[in-house]
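Chain residues, written in single-letter form:
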Amino acid sequence: MSEKIWLSSPHMGGNELKYINEAFKENWVAPLGPNVDGFEKDLELFLNKDVNVAVLSAGTAAIHLALIECGVEHGDEVICQSMTFSASANPISYCGATPVFIDSESDTWNMCPKALKEAIEDRIKNGKKPKAIIVVHLYGMPAKMDEIVSIANEYQIDLIEDAAEALGSKYKDQSCGTFGRFGILSFNGNKIITTSGGGALVCHTKDDKDKTVFLSTQARDNAPHYQHSHIGFNYRMSNIVAGIGRGQMEVLQDRVDARRAMHDFYVNIFEKIDGVEVFSEPNSDFYSNHWLSSIIIDPAIVGKTREDLRLAFLEDNIESRPLWKPMHMQPIFADAPYYGTNVSEKLFEDGLCLPSGSNLSDEERERIANVISKFF
Ligand SMILES: *Cc1c(COP(=O)(O)O)cnc(C)c1O
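Cut-offs and rules
Residues numbered from 1 in each chain as written. Predicted model: local features only at pLDDT ≥ 70, side-chain atom pairs only at ≥ 80, totals over all residues. Heavy atoms only, no water. UniProt positions renumbered as here; feature names shortened; annotations may be inferred. Helix = DSSP H or I, 4+ residues; strand = E, 2+ residues; numbered from the N terminus. Buried < 20%, exposed > 50% of the residue type's maximum accessible area, 1.4 Å probe, protein only. Contact = heavy atoms within 4.5 Å. Polar contact = N/O pair within 3.5 Å; in protein donor to acceptor, adjacent residues only side chain to side chain. Axes fitted to C-alpha atoms, helices over the stretch in contact; angles between N-to-C directions. Parallel < 35°, antiparallel > 145°, perpendicular 65-115°, else oblique. Left-handed = near helix turned anticlockwise from the far one by under 90°. Nonpolar A, V, L, I, M, F, W, Y, C, P; charged D, E, K, R; others polar. Pairing = 2+ DSSP bridges. Right-handed = clockwise from strand over helix to strand, strands pointing away. 1 Å grid on protein atoms, 1.4 Å probe; cavity = no way out; pocket = protein on both sides within 12 Å on 5 of 7 lines; lining within 4 Å. Points joined across faces, edges and corners; volume = space filled by probe spheres on them. Domains from an automatic or database assignment. Buried area = accessible area lost by both parts, 1.4 Å probe. Near = heavy atom within 4 Å. Areas by Shrake-Rupley, 256 points an atom, 1.4 Å probe, with all protein chains shown as cover. Arc of directions from axis to C-beta. Salt bridge = Lys/Arg side-chain N within 4 Å of Asp/Glu carboxyl O.

- An unreviewed UniProt entry annotates the protein as GDP-perosamine synthase originating from Chryseobacterium glaciei.
- UniProt lists a comment for the protein under the heading Sequence similarities (unreviewed entry), and it reads "Belongs to the DegT/DnrJ/EryC1 family."
- Under Catalytic activity (unreviewed entry), UniProt gives the following word-for-word description of the protein: "GDP-alpha-D-perosamine + 2-oxoglutarate = GDP-4-dehydro-alpha-D-rhamnose + L-glutamate".

1. Things to note about the UniProt feature "modified residue: N6-(pyridoxal phosphate)lysine" (unreviewed entry) in the protein
And step 1. The feature "modified residue: N6-(pyridoxal phosphate)lysine" (unreviewed entry), as annotated in UniProt, sits at Lys191 in this numbering.
And step 2. Counting through the fold element by element, Lys191 comes out in the loop between strand E8 (182-186) and strand E9 (199-203).
And step 3. We classify Lys191 as buried; its relative accessible area is 10%.
And step 4. Not counting chain neighbours up to four residues away, the residues in contact with Lys191 comprise Ala164, Glu165, Ser186, Arg259 and Trp291.
And step 5. Among the polar contacts made by the side chain of Lys191, one reaches the side chain of Ser186 at a distance of 3.4 Å.

2. Some points on the packing of helix H9 (residues 252-270) against helix H13 (residues 362-375)
And step 1. Where H9 contacts H13, the two axes come as close as 11 Å, and the packing angle between them is 30°. The orientation of H9 relative to H13 falls into the category roughly parallel. Handedness of the H9/H13 crossing: right-handed. Contacts from Met262, Phe265, Tyr266, Ile269 and Phe270 of H9 reach H13 at Arg365, Ile368, Ala369 and Ile372.
And step 2. Counted by class, the contact of H9 with H13 contains eight nonpolar, no polar and one charged residues.

3. Digging into the sheet that holds strand E11 (residues 286-287)
And step 1. Read from one edge of the open sheet, three strands run E7-E6-E11, paired in antiparallel fashion. Each of the sheet's edge strands pairs with one partner strand only, and the pair in question is strand E7 (174-175) and E11.

4. Observations regarding the pairing of strand E4 (residues 132-136)
And step 1. Of all five residues in E4, five are buried, a share of seventy percent or more.
And step 2. Residues Ala132, Ile134 and Val136 line one face of E4 and the alternating positions Ile133 and Val135 line the opposite face, and both faces are buried.
And step 3. Of the strand pairs in this sheet, strand E2 (residues 77-81) and E4 are connected by three bridges, and their pairing is parallel. When the sheet's bridge partners are listed, Ile79 is paired in E4 with Ile133.
And step 4. Two elements, E4 and strand E5 (residues 158-162), share five bridges in a ladder whose sense is parallel. Within E5, the residue paired with Ile134 across the bridge is Ile160.
And step 5. Taken together, E4, helix H6 (residues 145-155) and E5 constitute a β-α-β crossover, and its handedness is right-handed.

5. So, the layout of surface pockets
And step 1. Taken as a whole, the largest pocket holds about 310 Å³ of empty space.
And step 2. For the largest pocket, the lining is made up of 16 residues, of which Ser106, Trp109, Glu277, Ile296 and Leu347 are closest to its centre.
And step 3. Taken together, the elements giving at least two residues each to the lining of the largest pocket come down to strand E10 (276-278), strand E12 (293-297) and helix H12 (343-350).
And step 4. The element contributing the most residues to the lining of the largest pocket is H12, with four residues.
And step 5. Partitioned by chemical class, the residues of the lining of the largest pocket number eight nonpolar, three polar and five charged.
And step 6. Looking at the lining of the largest pocket, you find at least three residues from each of domain 1 (16-250) and domain 2 (253-375).

6. Describing the domain arrangement of the protein
Frequently, the measure chosen for interface size is the accessible area removed from exposure when the parts meet.
And step 1. By the assigned domains, the protein splits into domain 1 (16-250) and domain 2 (253-375).
And step 2. For domain 1 versus domain 2, the distance between C-alpha centres works out to 25 Å.
And step 3. In this complex, domain 1 contributes 45 residues to the contact, which on the side of domain 2 involves 38 residues.
And step 4. For the domain 1 and domain 2 pair, buried surface summed over both sides reaches about 3,600 Å², with 66% attributable to carbon and sulfur atoms.
And step 5. Of all residues in domain 1, the largest losses of buried area upon contact with domain 2 belong to Trp109, Tyr139 and Ile192, amounting jointly to 23% of the total for that side.

7. Re the site of the ligand
And step 1. Taken together, 15 residues sit near the ligand, with Thr60, Asp162, Glu165, Ser186 and Lys191 positioned nearest.
And step 2. Side-chain polar atom of Asp162 to a nitrogen atom of the ligand: 2.7 Å apart, as the coordinates give it.
And step 3. One of the side-chain nitrogen or oxygen atoms of Lys191 is found 3.3 Å away from an oxygen atom of the ligand.
And step 4. In the complex, 94% of the free accessible area of the ligand, which totals 380 Å², lies under the protein chains.
And step 5. Each residue belonging to the shell around the ligand can be placed in one class, and the counts come to five nonpolar, seven polar and three charged.

8. With respect to H6
And step 1. All buried positions along H6 are accounted for by Met145, Ile148, Ile151, Ala152 and Tyr155. Considered in projection along H6, the buried side chains sweep an arc of 135° and stay on one side of the axis.
And step 2. Looking at the buried residues of H6, the elements they touch are helix H5 (113-125), E4, E5 and strand E6 (170-171).

9. Digging into the pattern of salt bridges
And step 1. Within the structure shown, the criterion is met by 21 salt bridges.
And step 2. A salt bridge links Glu44 to Lys41, with the nearest nitrogen and oxygen atoms 3.9 Å apart. Separated by three residues within a single helix, Glu44 and Lys41 lie in helix H2 (residues 34-47), roughly one turn from each other.
And step 3. Lys206 is the salt-bridge partner of Asp210, the closest N and O atoms lying 3.0 Å from each other. On the criterion of helical spacing, the pair formed by Asp210 and Lys206 is a turn pair, its members being four residues apart in helix H7 (residues 206-216).

Dropping the structure here:
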């Protein structure tokens, strides 16, 4: 059996251990310390938009805190892109609120502005104005932010950007994660950079960041004893984990370049194959980190399905995976309202994510190309 080729695997830069060793030497083995501060500074500089970043234990935790800080409470409604990973929507349920799911549009596969507007107006007509909007930059592709931001402003609803997959992506030269009231990042093991597990909340005011740090460290009031007037969480990133993050930040732009080169590799291959479309930026306003390269297969032209191709890859021990199954199709969210048509359903039916790691070798790329050429 040939060695496994993963969809996306961790790729260390080299200096991660240096930062971890410093933490050990100074006994900063705690959820605070110089690596936490340093990682936050690195992210703020990289995002380049006068933001305040709080690093946390996970991207999911960041979404949860963003919702709480937007005032989401039991019985509220929160709008969320349907085509995404369940972690975008689960924190809505943690708050006791109801998700309202929105279809994708076919250019970016992200939240359809038309369906968003229709949903907001219909929910208001039903007597409940949504408390927040969660838009996702899927696979690193920026959503149509001009339209989404202007709708959020028009109705004065807080916007939360799930940029878990989009660190390094830009829309009109502005970093994804810096458009909404809050942006969330993830450093899970499969993301473009990783700390083994972790996340961040991107805030625009020092107040919001301070509140995030307060809530993520058990919400202790200022007193010599343990005094609490808020429900707190244990969501802060540790100084050890943040050391990995600092090492990864040194190579982030290299990782973006490598993922974008993987996308070009697939564009090249599929140029000559009818009935397959590689997921690409609609125009030069969009700059994707191409976290995962993906394709849409038209079975009517190809005569085979995305599942056939997935199995052909598997035969050679190569991982590929269907696109995210939309949340409105998931058993856990079967009762949630949904606005749109069948765009995301169709994408799920015909879409496949391909190996996209920044650490793939020329031989591994050749194995991938061989499977594709045999299959087609
Ligand atoms: C990975 C991911 C998350 C969750 O991040 P974790 O750090 O794993 O909690 C949320 N949303 C999307 C779209 C993701 O891909």
